[in-house]
Amino acid sequence: MTTMNEFELARRVFGEPEDDAEARDRLRGRLLDAIAGEPVRLAARRRRRWRAAATAVAAALTIGLVATLVLPSANAAAAAELRRLGRLAAEQRSPDLAPGEFLLTRTDELRTEGNSFLDSGVSITVVSRVRVSTWIAGDGSGFRRTEVISSDFASPEDRRAWEEAGRPDVLPAAGEVREERYAVGAVTLFDTSELPTDPDRLLEALRSGAVVERASGDDQVFLLVGDILAFGNARAELRTALFEVAAKLEGVRLVGTVEDPLGRQGVAIYVDGANARTQLVFDPRTARLLAIADYPIADGAPGPLRSWIALLETTVVNSPPSF
Amino acid sequence: MGTDAEIFRRSVGDPSAFADIFDRYVDAVLAYARRRLGAVEGEEIAARVFLIAFEKRAKFDPGAESAKPWLLGIASNLIRRKVRDERERLASLAKVPLPIPAEPVDDPARMDAERLRPALVEALTNLPVGEREAFLLVALGDLTYEETARALRVPIGTVRSRIHRARAHLREHIPDLEGIPVGTDKTDDG
């Protein structure tokens, strides 16, 4: 004989469900994909309704209304996801560097570099895979070590141009290492302590070039947001403000779930510029930036992935590198 | 963030607002679907529940207090069409022992559940669909009778009688089962 009733017995037999954060992420990804596709469907559906109503309305007036009322805000899904990530980012611990400590960030990167020779007019594009380690001290000074993992020509045409140009030294050798030191204030981007956490003021600061000189445009602001998040030394309030800044950008769009260049699943958001698309991929559970990807844009459409930065690790260490 | 009804209303014009509904109920929907169909099929059902709810968000009852009954109702409808998967899930529940707790505990209820498991599964398998759905929404979905009525879109009296019959059937086929007398369970809020 048991003291359980039927409900309790059923709960016991069917088992207590385990918490499954990965399943939640997969489900969230599928929903975000649907949400991201919704503005297009919504607009199409509403356009069909408008077409029926248009017979009763003067054509010119209808066109005006369709333009101003029918098309929903395409960046709403991206903005909502960025704000959710911003809330998550606020929960993450801020790096607190004691004197003598460094914030070490390791990245894998794919770099595409053009080499033009003015005398011959020859242009050779090279693609390199590199591993970059960056040490940042509390005062903003730092070190950087760049190791070439592999390199190749971007296309058979580039290889041919290189051969015809007499095989100039443009291809970085695998294993080649470059070590650099940065004095205090040498790289403005490292010092985020002065950046405002009010999103409007922060957006203004990023647009003004006060943080780093860049071409104007929302895609450049978005890239800057990614760069600052990538270095990992932004305090929690600043990280949240950076997500809010990104959410305010008119051209921000949600892709949905993707695999980053290292095969990790994340949520992708992009902004298109005149010639390139900047896409940031975030861990949907922690809001940690996983990757920054760059696609060329030609004739209004993005081409194949051109370069990327994948964040491997950010950690506090108590000594600088030996170089 | 607002009530569920407010979020649904907002999500009609701003689809991204629907993510808040997902955040509120993903655990409940996933847990229910997985208990019913297992990890893989359950996750697929949970995904479809949210996609369907998103598509039909304009039809959410603005007077409803919580979206949970509506979402579990969608899950229930989808599961009902997965007869073979559910039969397989029940068959595996009958065969595979309950998971052993990480720490050894003196839990007589667990031992009872282990002993009564095959009889419960067989009894559930033989229940009429309507009765099984109502019973499992209460037992595994943690819905009240009133919420179950909303989930299944039937009057609350129908839910009461279905669950009454389900419980009577289970007791008849699980002779050792004794506990709170049928009809006086605290879950019956009507």
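Worth saying up front: this structure is predicted, and the values here are computed from it rather than measured.

Residues A:Leu9, A:Leu206, A:Phe282, B:Leu71 and B:Phe135 are the most contacted members of the largest nonpolar core, which totals 110 residues. Looking at this core, the element that brings in the most residues is helix H2 (residues 18-37) of chain B, giving 10 residues. Not counting chain neighbours up to four residues away, the residues in contact with B:Phe135 comprise A:Glu6, A:Phe7, A:Ala10, B:Leu124, B:Ile163, B:Ala166, B:Arg167 and B:Leu170.

Counted by the stated rule, this structure contains 36 salt bridges over all chains. In this structure, the salt-bridge partner of B:Arg35 is A:Glu16, at a minimum N-O distance of 3.3 Å. Of this pair, B:Arg35 sits in helix H2 while A:Glu16 sits in the loop between helix H1 (6-14) and helix H2 (21-53), which puts the two residues in different chains. Where B:Arg24 meets B:Asp4, a salt bridge forms, and the shortest distance between an N and an O atom there is 2.5 Å. In this pair, B:Arg24 is assigned in helix H2 and B:Asp4 in helix H1 (residues 4-13), connecting sequence segments 20 residues apart.

Residues and elements named next belong to chain B. The share of residues in chain B with pLDDT of 70 or more is 87%, and the mean pLDDT across the chain is 85. Considering each helix and strand of chain B separately, the mean pLDDT is smallest for helix H5 (residues 83-95), with a value of 77, and largest for helix H8 (residues 145-152), with 95. Among the prediction metrics, the complex's ipTM stands at 0.85, with pTM recorded as 0.63.

Before going further, it helps to spend a moment on the interface of chain B and chain A. On the chain A side, the residues contacting the 60 residues of chain B number 35 residues. Surface buried jointly by chain B and chain A totals about 4100 Å² across both partners, of which 64% is contributed by carbon and sulfur atoms. Here chain B and chain A share 9 salt bridges between them. Its salt-bridge partner being A:Arg28, residue B:Asp23 comes within 2.4 Å of it at the nearest N-O pair. Inspection of the chain B/chain A interface yields 10 residue pairs in polar contact (both at pLDDT 80 or more). Every element with two or more residues in the side of chain B that touches chain A is listed here: H1, H2, helix H3 (39-55), H5, helix H6 (108-125), helix H7 (129-139) and helix H9 (156-173) of chain B. In terms of residue count, the dominant contributor to the side of chain B that touches chain A is H2(B) (11 residues). Of the residues contributing to the side of chain B that touches chain A, the split by class is 34 nonpolar, 4 polar and 22 charged.

Where H1(A) contacts H7(B), the two axes come as close as 9 Å, and the packing angle between them is 80 degrees. Overall, the two elements H1(A) and H7(B) adopt an arrangement that is roughly perpendicular. Facing H1(A), whose interface residues are A:Glu6, A:Phe7, A:Ala10, A:Arg11 and A:Phe14, H7(B) presents B:Phe135, B:Leu136, B:Val138 and B:Ala139. Tallied by class, the residues present in the contact of H1(A) with H7(B) amount to 7 nonpolar, no polar and 2 charged.

Should pLDDT be low for a region, the predicted coordinates there are not to be read in detail. Averaged over all residues, the pLDDT of chain A equals 82, while 85% of them reach at least 70. Low pLDDT, under 50, characterises residues 52-73 of chain A; the predicted model gives this stretch 16 contacts beyond four residues in sequence or across chains.

Our focus in this paragraph is unusual backbone geometry. Residues other than glycine predominantly adopt negative phi, and peptide bonds predominantly adopt the trans conformation. Even without a glycine there, the phi angle at A:Arg167 is positive, about 55 degrees. Tracing the backbone through its elements, the reader meets A:Arg167 in the loop between helix H5 (156-164) and strand E4 (177-182). Note on A:Arg167: relative accessible area 53%, which makes it exposed. Positive phi is not limited to glycine here, since B:Asp142 has a value of about 55 degrees. The topology assignment puts B:Asp142 in the loop between H7 and H8.

According to the stated counting rule, one finds 10 aromatic pairs over all chains in the structure shown. Seen in terms of ring centroids, B:Phe8 and B:Trp70 are 5.5 Å apart; in terms of plane orientation they differ by 80 degrees. Their pairing is edge-to-face. Of the two residues, B:Phe8 is situated in helix H1 and B:Trp70 in helix H4 (residues 68-80); the sequence distance between them amounts to 62 residues. The same class applies to B:Phe8 and to B:Trp70, which are both buried. Plain terms: the ring middles of B:Phe22 and B:Phe50 are 5.0 Å apart, the flat faces sit at 65 degrees to each other, and that makes the pair edge-to-face. Placement of B:Phe22 in helix H2 and of B:Phe50 in helix H3 is noted, with a sequence separation of 28 residues between them. The same class applies to B:Phe22 and to B:Phe50, which are both buried. Between the NZ or CZ atom of A:Arg277 and the centre of the ring of A:Tyr270, over which it lies, the distance is 3.5 Å.

Criteria and thresholds
Residues numbered from 1 in each chain as written. Chains lettered and ligands numbered in written order. Predicted model: local features only at pLDDT ≥ 70, side-chain atom pairs only at ≥ 80, totals over all residues. Heavy atoms only, no water. Core = buried A, V, L, I, M, F, W, Y, C linked by side-chain atoms within 4.5 Å. Buried < 20%, exposed > 50% of the residue type's maximum accessible area, 1.4 Å probe, protein only. Helix = DSSP H or I, 4+ residues; strand = E, 2+ residues; numbered from the N terminus. Contact = heavy atoms within 4.5 Å. Salt bridge = Lys/Arg side-chain N within 4 Å of Asp/Glu carboxyl O. pLDDT = per-residue confidence, 0-100. Buried area = accessible area lost by both parts, 1.4 Å probe. Polar contact = N/O pair within 3.5 Å; in protein donor to acceptor, adjacent residues only side chain to side chain. Nonpolar A, V, L, I, M, F, W, Y, C, P; charged D, E, K, R; others polar. Axes fitted to C-alpha atoms, helices over the stretch in contact; angles between N-to-C directions. Parallel < 35°, antiparallel > 145°, perpendicular 65-115°, else oblique. Phe/Tyr/Trp six-rings, centres within 6.5 Å; stacked < 30°, edge-to-face > 60°. Lys NZ or Arg CZ within 6 Å of the ring centre and 35° of its normal.

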